[in-house]
Amino acid sequence: MERGPAAGLDGTLSELINSPGLAAPVGFSHAVRTGDTVYLAGQTAQAPDGAIVGDSVVEQFDVAAGNLVTALRAAGGEPEDLVSLQVFVTAVAEYKDSLMALGTVWRRHFGRRYPAMGLFGVSELYDPAAKVELMGVAVVSRPR
C-alpha cells in the first residue's frame, strides 16, 4: 500500500493512501485521510488492470462499491464509517429500473446503513465504458 504525507492549506498533514488491490491511480490518490476524515476518490468498476468490468449498472455498481470499500479500508475505515456518498451514473433510467438488484448489492458491501447520498445523472465518465462512479467521505474515529 502506498502512503505518503501531504500538507494541507492550513498546514495540517494529510495522508495520501493508495491500495495495491486497486488500479494504479494516475493524477489522484484513492483516499486522503486528514485526522478522522477520509475523502474517497471516485471509484468506477475498474479491475486492478484498469479495465472496466461489467455491462450493466448493477454489475458496475457492485465492482465500484467493492473498490470504494477497498480504498476506505486502506485508510483505516469500514463501510459503517461512511457519512456521505455521491453516485454518478450515465443511465439514470437503468439505475431506477434496477433498484431491487442494487439494494442487494448495497447490503453486500455496506450493510443496512445508508449515509447522506446524492444520485447524479451525467452524460459520461472519464472512462467511456464506465456507467457508475462512487465518491464518498467517511469519519473514522478509532485508531488505525
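Please refer to the structure higher up on the page.
Residues numbered from 1 in each chain as written. Predicted model: local features only at pLDDT ≥ 70, side-chain atom pairs only at ≥ 80, totals over all residues. Heavy atoms only, no water.

Asks: So what about the pattern of salt bridges? Which residues, and what values?
Replies: Under the definition given, this model contains three salt bridges. Ionic pairing is found between arginine 73 and glutamate 78, a salt bridge with its closest N-O pair at 2.8 Å. Overall, arginine 73 belongs to the partly exposed group, its relative accessible area being 46%. Here glutamate 78 falls in the partly exposed class, since its relative accessible area comes to 25%. Of the charged contacts, one joins lysine 131 and glutamate 94 as a salt bridge, the two residues approaching to 3.4 Å between their closest N and O atoms. Of this pair, lysine 131 sits in the loop between β6 (116–121) and β7 (132–139) while glutamate 94 sits in helix α2 (residues 92–97), and the two are 37 residues apart along the sequence. Classification of glutamate 94 by relative accessible area gives partly exposed; the value is 25%. (Salt bridge = Lys/Arg side-chain N within 4 Å of Asp/Glu carboxyl O. Buried < 20%, exposed > 50% of the residue type's maximum accessible area, 1.4 Å probe, protein only. Helix = DSSP H or I, 4+ residues; strand = E, 2+ residues; numbered from the N terminus.)

Any functional reading would require information beyond the geometric quantities listed.
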